[in-house]
Amino acid sequence: MNLPNKLTIFRTICIPFFVFFLLAHFVPNNYLIALIVFVIASLTDLFDGKIARKYNLITNFGKFMDPLADKLLVCSALISLDALITSQQYAGHVWFTVSVIIIISREIFISGFRILAADQNVVLAAGWWGKVKTVLQMVMTIVMIVYLQVKDWNAIYKLNIPTPIILGVGIFIQVLVAATLFFTVFSMIDYVIKNKQVLKN
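All values reported here derive from a predicted model rather than from experimental measurement.

## Details of the side chain of E107
Then step 1. Residue placement: E107 occurs in helix α4 (residues 93-119).
Then step 2. Residue class for E107 comes out buried when judged on its relative accessible area of 4%.
Then step 3. Here E107 is in contact with K71, C75, K133 and Q137, once residues within four sequence places are set aside.

## Thoughts on the state of the cysteines
Then step 1. Taken as a whole, this structure holds zero disulfides when the rule is applied.
Then step 2. Unpaired in terms of disulfides, C14 finds its nearest cysteine sulfur in C75, a separation of 17 Å.
Then step 3. On the basis of relative accessibility, which here comes to 9%, the residue C14 falls in the buried class.
Then step 4. The class of C75 is buried, set by a relative accessible area of 13%.

## Description of the confidence of the model for the protein
Then step 1. Here the protein shows a mean pLDDT of 88. Residues at 70 or above account for 98%.
Then step 2. Here helix α7 (residues 197-200) is the element of the protein with the lowest mean pLDDT, 79, and helix α1 (residues 3-23) is the one with the highest, 94.

## Examining the nonpolar core
Then step 1. With 35 residues, the main nonpolar core has F18, L22, L81 and F96 as its most contacted residues.
Then step 2. For this core, the secondary structure elements donating two or more residues are α1, α2 (30-54), α3 (60-87), α4, α5 (128-157) and α6 (163-194).
Then step 3. Top contributing element to this core by residue count: α3, with eight residues.
Then step 4. Leaving out residues up to four positions away in the same chain, L22 has contacts with N30, Y31, A34, A77, S80, L81, L84 and I145.
Then step 5. By size, the runner-up hydrophobic cluster in this structure holds seven residues, among which are F113, A117, L124 and V198.

## Examining a nonpolar patch on the surface
Then step 1. Together, V94, V98, I102, V185, I189 and I193 make up a nonpolar patch on the protein surface, roughly 470 Å² of accessible area in all.
Then step 2. Looking at the nonpolar patch, the elements with two or more residues in it are α4 and α6.
Then step 3. With a relative accessible area of 34%, I102 lands in the partly exposed category.

## Some points on the environment of V192
Then step 1. Examined against the element boundaries, V192 turns out to sit in helix α6.
Then step 2. Ignoring sequence-local partners within four residues, the contact set of V192 consists of F109, F113 and L199.

## Topic: the packing of α1 against α3
Then step 1. Relative orientation of the contacting elements α1 and α3 amounts to 10°, with a least axis distance of 9 Å. The orientation of α1 with respect to α3, classified from their angle, is roughly parallel.
Then step 2. Its residues placed into classes, the contact of α1 with α3 shows 14 nonpolar, six polar and three charged.

## Quick word on the side chain of S80
Then step 1. With respect to the secondary-structure elements, S80 resides in helix α3.
Then step 2. For S80, the residues in contact, after removing those within four places along its chain, are V19, L22 and L23.

## Looking at unusual backbone geometry
Then step 1. The backbone of N29 sits at a positive phi, close to 55°, despite the residue not being glycine.
Then step 2. Secondary-structure assignment places N29 in the loop between α1 and α2.
Then step 3. The exposure class assigned to N29 is partly exposed, which follows from its relative accessible area of 30%.
Then step 4. In this model, N160 sits at a positive phi of 55°, which is unusual for a non-glycine residue.
Then step 5. Its place among the elements puts N160 in the loop between α5 and α6.
Then step 6. We classify N160 as exposed; its relative accessible area is 66%.

Cut-offs applied
- Residues numbered from 1 in each chain as written.
- Predicted model: local features only at pLDDT ≥ 70, side-chain atom pairs only at ≥ 80, totals over all residues.
- Heavy atoms only, no water.
- Helix = DSSP H or I, 4+ residues; strand = E, 2+ residues; numbered from the N terminus.
- Buried < 20%, exposed > 50% of the residue type's maximum accessible area, 1.4 Å probe, protein only.
- Contact = heavy atoms within 4.5 Å.
- Disulfide = S-S within 2.5 Å.
- pLDDT = per-residue confidence, 0-100.
- Core = buried A, V, L, I, M, F, W, Y, C linked by side-chain atoms within 4.5 Å.
- Patch = residues over 30% accessible without salt bridge, like charges linked within 9 Å, V, L, I, M, F, W, Y side chains within 5 Å.
- Areas by Shrake-Rupley, 256 points an atom, 1.4 Å probe, with all protein chains shown as cover.
- Salt bridge = Lys/Arg side-chain N within 4 Å of Asp/Glu carboxyl O.
- Axes fitted to C-alpha atoms, helices over the stretch in contact; angles between N-to-C directions.
- Parallel < 35°, antiparallel > 145°, perpendicular 65-115°, else oblique.
- Nonpolar A, V, L, I, M, F, W, Y, C, P; charged D, E, K, R; others polar.

Encoded structure:
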């Protein structure tokens, strides 16, 4: 197994550890630990693709597993964050829940689309807009985890962060969620149009 595929598998292995620390309130600085695990896992997505292209290590396993690992990581993060945000009744939690449902529905649809292509012996690589979508999803996740950790520190250590700053960051997160949602849907439409021969067959 080549290095890019090993990085992809490592990213998949990181997922349960990330979810555990994100939800483990009894662990001090659990959000920070979860953030570190998530960032490390996300960086493997950047490097496995670059290494594969640079050294011509592209394989069918990588084409299939790389986007799947991304989906598992991001969907796990979104579901966990939605549980946290909903339980704590953060502003805009309903909008976030709806966004998560749409995002995960898109991922399930694309996975089904890939299976349909595989039945026709066609392996579909991730599109460029799909990569933009994945980056936005990961950035959104990182910002939200940082927000949760800072709020936690604010409550524990009495940092007295001004309310306008907290509200401003909250609004920024909602804008980021909207942008992520847009590119999630747009990349799906673009992907299907570019590979419409799969549906024709």
